[in-house]
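Overview (structure and organization)
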Amino acid sequence: MEVNSSYWDQIKIQMKGRNLSNKSLSTWLDPIQFVESKVTQDRLRFILGVPNPLHQYYVVENLQDKIIAEISDSYKSPFEVEFVITGQALPLPPESPQALEEAFSKTQPAAYPVYKDTRTQSDPLNNEMSFSTFVVGKNSEFAHAACYNVARNPGADDYNPLFIFGPVGMGKTHLLHAAGNHIRESSPHLRITYISFERFLNECIAAMRHHQMDKFRLKYRDSTDVLLVDDIQYIGKGEATQNEFFHIINTFIDLKKQVIVASDRMPKDILNIEDRNRTRLERGLIADITMPDVETRIAILRYKAEKLGLRISEDVVTYVAKISKRSIRELEGNLKKIKMFSELQGLEINYDLVKRVLAQHETQATISVEEIQRIVTDHFEIKLCDLKSSARAKQIVVPRQIAMYLIKKFLDKSLVDIGKAFGGRDHTTVMNAIQRVHHLQSNDQDIFKDIEELATRIHNITGV
């Protein structure tokens, strides 16, 4: 198959045909041009050109997976995709922070890596994610120390498996990579595999379908000494995959090989996981990582600004740190927005500019009604539709009442608005539910602990 500009044009046509409802797709896809293709090692590299850094950022964050999937349908051999900046201008309305806000609606910090289609290999470690580049605060000092100790002595019984948990965007992935990089440097003979659980799931399913489970087990049980698994909260998606994973963990522990996993929730809060498997995750050391306080966020911003070559005043650093309450990822994303807008508009970074760029972000609620409902349903292991249903069973009613109470506490929504969010209940029902929770907190120790834990999770997201 000849890979050239005609091939790329056909890929774009197919993508637009599959995504007819996506009105903005053409805006971002059409300017992407085929630059060249070349063989590197054992794979073909597709080099695609984008107009400027903003376009590159958006494509990597929002379109890269779709492009990879589309190419994979017709090109069956291993390949890489790289997005390079061609220098052409992308029209952007002047004085338009809102346009940037929309473009970055899914903002995450990105280093714009070359995407490798390595379906039979592990994901690469990020060399920039080391212990020395991780800003430690009170929120993360225990998790950082635990990972560092494991990296110095992988396989020790007291730390195997090491389970790191905390909300999205707090630095769990950074610590996984840091541990892997340290082990690779100090013990180069050890074979390290880093992988997301969703990728593990897909590989396991593919191995089952193609009757290649022996090859799959060889990769993880026999060809790996240190296993780093991200986003393990998805382990409940498949029973067979779950069991296969825990056979691997048992093998690793028996052979004194190290396992480190990261999750956005504690083992007891992971849905659809068997008790024996939950116990296995709890066997080693559990370390949490939460949202850093303002002082730590300021320190992180200073470090990130220096890495990006930005000179920004203390009032700007403090302002960005105070409004970025949800995650470190959000903190980094806001800094990148400021840098991008400053460069595109040719303006100096000052307090007034930053206020304009982040104005929409500042006025947004730090957590939504739906997010609080989701936190409650995850905690009590029930479905979201149950909260909004007319079900009167105690295991549904109490979580529903607690969710109403938390929404009132953290968002101060009206009783009418809260009622609408729970299937159209009237304000009297909501008021009674909140009063009921107040009573339960004083008289039921288990309910008190549940509410304390839920409130802590919400606080870690909002910072308030």
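First things first, this report covers the structure right here in the doc. On a predicted model such as this, the values are computed, not experimentally measured, just so you know.

**Quick word on helix α7 (residues 172–186)**
- Along its 15 residues, α7 runs 21 Å from first to last C-alpha, staying within 8% of the 21 Å computed at 1.5 Å per residue.
- The secondary structure elements touched by the buried residues of α7 are α6 (141–152), β5 (162–165), β6 (192–196), β7 (226–230) and β8 (258–263).

**Regarding the pairing of strand β2 (residues 43–50)**
- Here β2 lies mainly inside the structure; 8 of its 8 residues are buried.
- Both faces of β2 are covered, namely the face carrying Arg43, Arg45, Ile47 and Gly49 and the face carrying Leu44, Phe46, Leu48 and Val50.
- One ladder, built from 7 bridges, connects strand β1 (residues 33–40) with β2; its direction is antiparallel. When the bridges of β2 are listed, Gln33 appears paired with Gly49.
- Alignment of β2 against strand β3 (residues 79–85), held across 7 bridges, turns out to be parallel. Of the residues in β3, the one forming a bridge with Val50 is Ile85.

**Things to note about the sheet that holds β8**
- Taken in spatial order, the 5 strands make up an open sheet running β6-β7-β8-β5-β9, and their pairing is parallel. With partners counted over all chains shown, the strands left at the sheet margins are β6 and β9 (285–288), one partner each. The mean inter-strand angle of the sheet, taken between neighbouring strand axes irrespective of direction, is 15°.
- Pairing of β7 with β8, which is carried by 4 bridges, proceeds in the parallel orientation. Along β8, the bridge assignment pairs Leu228 with Ile260.

**A look at the nonpolar core**
- Core analysis: the biggest nonpolar cluster contains 29 residues, and Ile372, Ile402, Leu406, Phe422, Ile451 and Ile458 have the highest contact counts within it.
- Residue assignment for this core shows that the elements contributing at least two residues are α17 (369–380), α19 (394–411), α20 (415–421), α21 (427–443) and α22 (445–462).
- At 9 residues, α19 tops the list of elements feeding residues into this core.
- Beyond its immediate sequence surroundings of up to four residues, Ile402 is in contact with Phe380, Val437, Ile447, Ile451 and Leu454.

**Section: the packing of α19 against α21**
- Axis separation between α19 and α21 bottoms out at 8 Å; the angle between their running directions is 95°. Considered as vectors, α19 and α21 are oriented roughly perpendicular to each other. Residues Gln401, Ile402, Met404, Tyr405 and Lys408 of α19 touch α21, and the partners they reach there are Val430, Ala433, Ile434, Arg436, Val437, His438 and Gln441.
- For the contact of α19 with α21, the residue count by class is 7 nonpolar, 3 polar and 2 charged.

Calculation criteria
- Residues numbered from 1 in each chain as written.
- Predicted model: local features only at pLDDT ≥ 70, side-chain atom pairs only at ≥ 80, totals over all residues.
- Heavy atoms only, no water.
- Helix = DSSP H or I, 4+ residues; strand = E, 2+ residues; numbered from the N terminus.
- Expected span 1.5 Å × (residues − 1).
- Contact = heavy atoms within 4.5 Å.
- Buried < 20%, exposed > 50% of the residue type's maximum accessible area, 1.4 Å probe, protein only.
- Pairing = 2+ DSSP bridges.
- Axes fitted to C-alpha atoms, helices over the stretch in contact; angles between N-to-C directions.
- Core = buried A, V, L, I, M, F, W, Y, C linked by side-chain atoms within 4.5 Å.
- Parallel < 35°, antiparallel > 145°, perpendicular 65-115°, else oblique.
- Nonpolar A, V, L, I, M, F, W, Y, C, P; charged D, E, K, R; others polar.

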